[in-house]
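Breakdown of the fold
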Amino acid sequence: MIEDTILQLNEAIDSLIFADTGSTNWAYKTAPDRWSKKEIIGHLIDSAQVNLQRFVRCTYEENFKLTYEQVEWVKAGRYQEVDIHDLFGLWEQLNGQIIHVLKKYPADRLQAKCDTGKTQVSLHTVEWLAQDYVDHMNHHLKQIFA
């Protein structure tokens, strides 16, 4: 299962890297309280950072809690002010590291669990987290290119 997830992650990365992004207005917001496409990429960067930590820590730890406040992180990251090419580079590097970690993941740790719940315990295995990460990324990439 993890091999399929890695393949899907590679495909998602390629879909952005090889997309025609030159005509996209990355900074445009449909409303003041909505994220721009630039901020969506920033959100995906935040998601990559959190999930990379989950994958790494699950190799030696179990049932630890790691959550994040997505709206606050995007605001604090000030992604609207960052050059889109710098955001693409960071996003690509983080996902490259996630792939590197998952390719060599200890088979006996794929069922290790992490708590992602903010107000109550919500345990998920590494396999589930990896697939959910890819699904979440694809959801936002579709938003960008819709």
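Everything that follows concerns the structure shown earlier in this document.
First, a word on what this report is: a plain description of the structure on this page. (Residues numbered from 1 in each chain as written. Predicted model: local features only at pLDDT ≥ 70, side-chain atom pairs only at ≥ 80, totals over all residues. Heavy atoms only, no water.)

Observations concerning the sheet that holds strand E1 (residues 64–65)
The strand order E1-E2-E3 describes an open sheet built from three strands, whose pairing is mixed. Strand pairing shows two members of the sheet lacking a second neighbour, E1 and strand E3 (123–125), which therefore form its edges. On the sheet, helix H5 (residues 126–145) packs against strand E2 (113–115) and E3 and is oriented at approximately 85 degrees with respect to E3. (Pairing = 2+ DSSP bridges. Helix = DSSP H or I, 4+ residues; strand = E, 2+ residues; numbered from the N terminus. Contact = heavy atoms within 4.5 Å. Axes fitted to C-alpha atoms, helices over the stretch in contact; angles between N-to-C directions.)

A few points about the nonpolar core
Within the largest apolar cluster, 42 residues are counted, with the highest numbers of intra-cluster contacts made by Leu9, Ile41, Phe55, Ile98, Leu102, Tyr105 and Met137. Listing elements by their share of this core, those giving two or more residues are helix H1 (2–17), helix H2 (37–57), helix H4 (84–103) and H5. The element contributing the most residues to this core is H4, with nine residues. In contact with Leu102, other than residues within four places in its own chain, are Ile2, Ile6, Phe55 and Ala130. (Core = buried A, V, L, I, M, F, W, Y, C linked by side-chain atoms within 4.5 Å. Buried < 20%, exposed > 50% of the residue type's maximum accessible area, 1.4 Å probe, protein only.)

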